[in-house]
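Given next are the chains, with one letter for each unit.
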Amino acid sequence: MVGQSEGRRAVLLEPFVHQVGGHMSMMKYDEHTVCKPLVSQELSFYESLPLAMRQFTPQYKGVISVHLKKDSLGNLTLLASPSLQPEGCGRLDNAASDIWHKYKWAASTSSSTELVKRCHTQLTKTFKDSCPGKVRLRTDLQYCTDSLLEDANRNQTEKNSYNPWGLHCHRQHLNRMSSKYNENKLHQFLLLENVVSKYNYPCILDLKMGTRQHGDDASEEKKARHIKKCEQSTSASLGVRICGMQVYQADAGHFLCKDKYYGRKLSPEGFRQTLHQFLCNGNHLRTDVLEPIILKLKALLSVIKKQSSYRFYSSSLLIIYDGLEHKENMVPLDNHLQGHFQKTNCTTSHSRVDVRMIDFAHTTFKGSKCNHTTYDGPDHGYIFGLENLIKILQNISEGK
C-alpha cells in the first residue's frame, strides 16, 4: 500500500472557495473531499463518532501528509501525498503548476482574454499529457479553468461571486506555515467530505453554536477573550451567532457574503433579519426550503439531547441549500391528487437542504483521548442555541 502511494503524484491543494467562516484554512482535495490541518482532539471525535450523529457531520475519510512548496515563481502551495486519484492521472506537475499560477494571474488582472486563452490551452495540453488515455470529465482543473475563463469575460460584479473569506484564511495559513516551517516539514491533515459538492450554487450559513466558546485547554487570557465575545454578541442571549454566510442572489447573479465580524455585531433582532436574508434570493423568500431546514434542525436537536457528556465548544453548524431553484413541472389534475403532489414537492425540497455540524477541535466527551474534564448530561448551551434557531425560523415561516 505504501509503495503504491509513493508512486503517485502529489495533489496540489486549492483554497476551498465555499469556506464562509472559521479561521483555519479549508482546502479542496478533490471534487468531493476537503481537508484541514489535523487537531488531535478533532480526530478523536471523528474516530469515535456516535452512530446517531453521522448524518449530521461530514464523513471522515482519513489522514494525509501535506508539505509546503515554493515554485519557481515564488508562489507558495500545499502538496498532499498520497493521492486518492487513480494512478497515472495525478494533479499538476511542476510545469503545469507554473502555468496554473500564470493562468490565475492572467484571469484576475487582464482585461483581454487572449492571455487567458493561451494559458488555458497550455494547461489543457499539459493535463492531457499527464493523463494519457484517460477520459477527462469535469475534473477540478476543468472546473477552475472554466470558472476563470468565464470571469475574464464577465463584469466585476460577477468576478466577486466567490466568497473571499476562504482565500483570506488560505493566505494567512500559508504565511504562518512559511514563517514557522521549512519546505520539507510534513504536516498531517484531516480528509473530510465536501458537504456542498452536490449543490449548483451552495447557500451556506455558518453558525457558532452554544453559550460558551472556549475549550477546556484555553489559557485564562483566551478564556476571557471568548467570554467577552459571547457577552457582546448573540451567543449569550440566543446561544448562537452568525460566523459567516453566502447566499446566491438570483436577481444579480452572484453571492451575497457576510463574515464573522458582521455576525459578532448583530443584536437578536439583527440576527433574525440576517436569517431572513439568508433565505431570500433577491427576488423572494425561499419558502420551499424553510420547512425542510426546520425538520432537520429538530432531528438534530433530538440527537444532541441524547449525547451525554459531549460539549461542542467552539463548533459550528452549517445550514445549506441550493441557490438554483428547482421549478416543479407537475401540476395537479384535481383536488384528489393535491396532497400527493404537495408531499412529493416537500420530499424533493428536503433532499435539497442539509444541516451539518463541523469544527470539533475543542469538543470533549467521556472517553476521549484528549479529554481532561468529564461532564454529565447533554450540552445545554448547544441545545439552547438550537431551540432559539428553530423558533426564529418558525416565526419567519409564519410571517411573524
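Scroll up for the structure.
Attention in this report is confined to the structure presented alongside it. (Residues numbered from 1 in each chain as written. Predicted model: local features only at pLDDT ≥ 70, side-chain atom pairs only at ≥ 80, totals over all residues. Heavy atoms only, no water.)

## A closer look at the environment of L301
Positionally, L301 belongs in helix α12 (residues 287-304). When sequence neighbours within four positions are dropped, the list of residues in contact with L301 reads I383, L386, E387 and I390. (Helix = DSSP H or I, 4+ residues; strand = E, 2+ residues; numbered from the N terminus. Contact = heavy atoms within 4.5 Å.)

## As for the nonpolar core
Of all hydrophobic cores here, the largest spans 62 residues; its most connected members are L297 and L317. With 9 residues, α12 is the single largest residue contributor to this core. Judged by nonpolar contacts, the second largest core, of 14 residues, contains L13, Y29, C35 and V66. (Core = buried A, V, L, I, M, F, W, Y, C linked by side-chain atoms within 4.5 Å. Buried < 20%, exposed > 50% of the residue type's maximum accessible area, 1.4 Å probe, protein only.)

## Here we look at the side chain of N163
Counting through the fold element by element, N163 comes out in the loop between α6 (156-159) and α7 (165-180). Owing to a relative accessible area of 7%, N163 belongs among the buried residues under this scheme. In terms of polar contacts, N163 uses its side chain to reach the backbone amide nitrogen of W165, at 2.9 Å. Polar contacts involving the side chain of N163 include one to the side chain of Q246, which spans 3.5 Å. Setting aside its immediate chain neighbours within four residues, N163 contacts V17, Q19, V20, M245, Q246 and C257. (Polar contact = N/O pair within 3.5 Å; in protein donor to acceptor, adjacent residues only side chain to side chain.)

## Observations concerning the sheet that holds strand β5 (residues 76-81)
Spatial strand order, β1-β2-β3-β6-β4-β5: 6 strands in a closed barrel with antiparallel pairing. Averaged over all pairs of adjacent strands, the angle between strand axes in this sheet comes to 45°, irrespective of strand direction. Contacts from α7 reach β1 (11-15), β2 (27-30), β3 (33-37), β4 (60-70), β5 and β6 (186-193), with the element oriented near 85° to β5. (Pairing = 2+ DSSP bridges. Axes fitted to C-alpha atoms, helices over the stretch in contact; angles between N-to-C directions.)

## Quick notes on the packing of aromatic side chains
What characterises a pair of aromatic rings is the spacing of the ring centres plus the angle enclosed by the ring planes. By the definition in use, this model includes 15 aromatic pairs. Ring geometry for Y46 against F360: centres 5.6 Å apart, planes inclined by 85°, an arrangement best described as edge-to-face. With Y46 in helix α2 (residues 40-47) and F360 in the loop between β12 (353-358) and β13 (363-364), this residue pair connects regions lying 314 residues apart in the sequence. Measuring from ring centre to ring centre gives 5.7 Å for Y310 and F312, while their planes differ by 15°; the resulting arrangement is stacked. Each member of the pair, Y310 together with F312, is buried. Among the aromatic residues, ring-to-ring pairing joins F45, Y46, Y60, Y310, F312, F360, F365 and Y382 into one connected group. Sitting over the face of the ring of Y313, R212 holds its NZ or CZ atom 3.9 Å from the ring centroid. The ring of Y262 is capped by K258, whose NZ or CZ atom sits 4.5 Å from the centre of that ring. (Phe/Tyr/Trp six-rings, centres within 6.5 Å; stacked < 30°, edge-to-face > 60°. Lys NZ or Arg CZ within 6 Å of the ring centre and 35° of its normal.)

## As for the environment of I396
Assignment of secondary structure puts I396 in helix α14 (residues 380-397). Taking the relative accessible area as the measure of exposure, I396 reaches 5% and is therefore buried. Through-space distance from the C-alpha of I396 to that of L279 is 9.5 Å; in sequence the pair is 117 residues apart. When sequence neighbours within four positions are dropped, the list of residues in contact with I396 reads R272, L275, H276, L279, L285 and L290.

## Focus: the packing of helix α11 (residues 268-278) against α14
Closest axis-to-axis distance for the α11/α14 pair is 10 Å, and the angle between their directions is 60°. Viewed along their axes, α11 and α14 adopt a mutual orientation that is oblique. For α11 against α14, the interelement crossing comes out right-handed. Counted together, F271, R272, L275 and H276 of α11 and L389, I392, L393 and I396 of α14 form the full contact between these two elements. Within the contact of α11 with α14, the residues separate by chemical class into 6 nonpolar, 1 polar and 1 charged. (Parallel < 35°, antiparallel > 145°, perpendicular 65-115°, else oblique. Left-handed = near helix turned anticlockwise from the far one by under 90°. Nonpolar A, V, L, I, M, F, W, Y, C, P; charged D, E, K, R; others polar.)

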